[in-house]
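# Observations on the three-dimensional arrangement
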Amino acid sequence: MEIRAGSRALKLIREKGLQPADVRSVFGASGAAKWLAIAGLDAAIFSHWLSRSSQPIDCFGTSIGAIKLA
């Protein structure tokens, strides 16, 4: 597995893992093929993991990515 992150983010992830409270923005992929491939992952992330977060999360997307995030 490869994680690409800035030095502060990588340090945080290594020390305590990625927590829902750490997520401030989500970017949705455009293109139907990508949406179909990650629909199950998105459902699990949004309904089970990110739903535990108490702060607002900004969502950005184009095309089907925007519709999916809506």
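Just above sits the structure.
Everything in this summary refers to the structure shown in the same document. (Residues numbered from 1 in each chain as written. Predicted model: local features only at pLDDT ≥ 70, side-chain atom pairs only at ≥ 80, totals over all residues. Heavy atoms only, no water.)

Once that is clear, we can look at the packing of aromatic side chains. Tallied over the full model, the rule gives one aromatic pair. Their ring planes at 20 degrees and their centres at 5.1 Å tell us that Phe27 and Phe60 sit as a pair that is stacked. Of this pair, Phe27 sits in strand β1 (residues 25–28) while Phe60 sits in strand β2 (residues 58–61), and the two are 33 residues apart along the sequence. (Phe/Tyr/Trp six-rings, centres within 6.5 Å; stacked < 30°, edge-to-face > 60°. Helix = DSSP H or I, 4+ residues; strand = E, 2+ residues; numbered from the N terminus.)

So, about the side chain of Gln55. Here Gln55 shows up in the loop between α2 (32–49) and β2. For Gln55, a relative accessible area of 18% puts it in the buried group. A polar contact of 3.3 Å, which involves the side chain of Gln55, links it to the backbone oxygen of Ala21. Among the polar contacts made by the side chain of Gln55, one reaches the side chain of Arg24 at a distance of 3.5 Å. Not counting chain neighbours up to four residues away, the residues in contact with Gln55 comprise Pro20, Ala21, Val23 and Arg24. (Buried < 20%, exposed > 50% of the residue type's maximum accessible area, 1.4 Å probe, protein only. Polar contact = N/O pair within 3.5 Å; in protein donor to acceptor, adjacent residues only side chain to side chain. Contact = heavy atoms within 4.5 Å.)

By themselves, these are just geometric observations and shouldn't be taken as functional.
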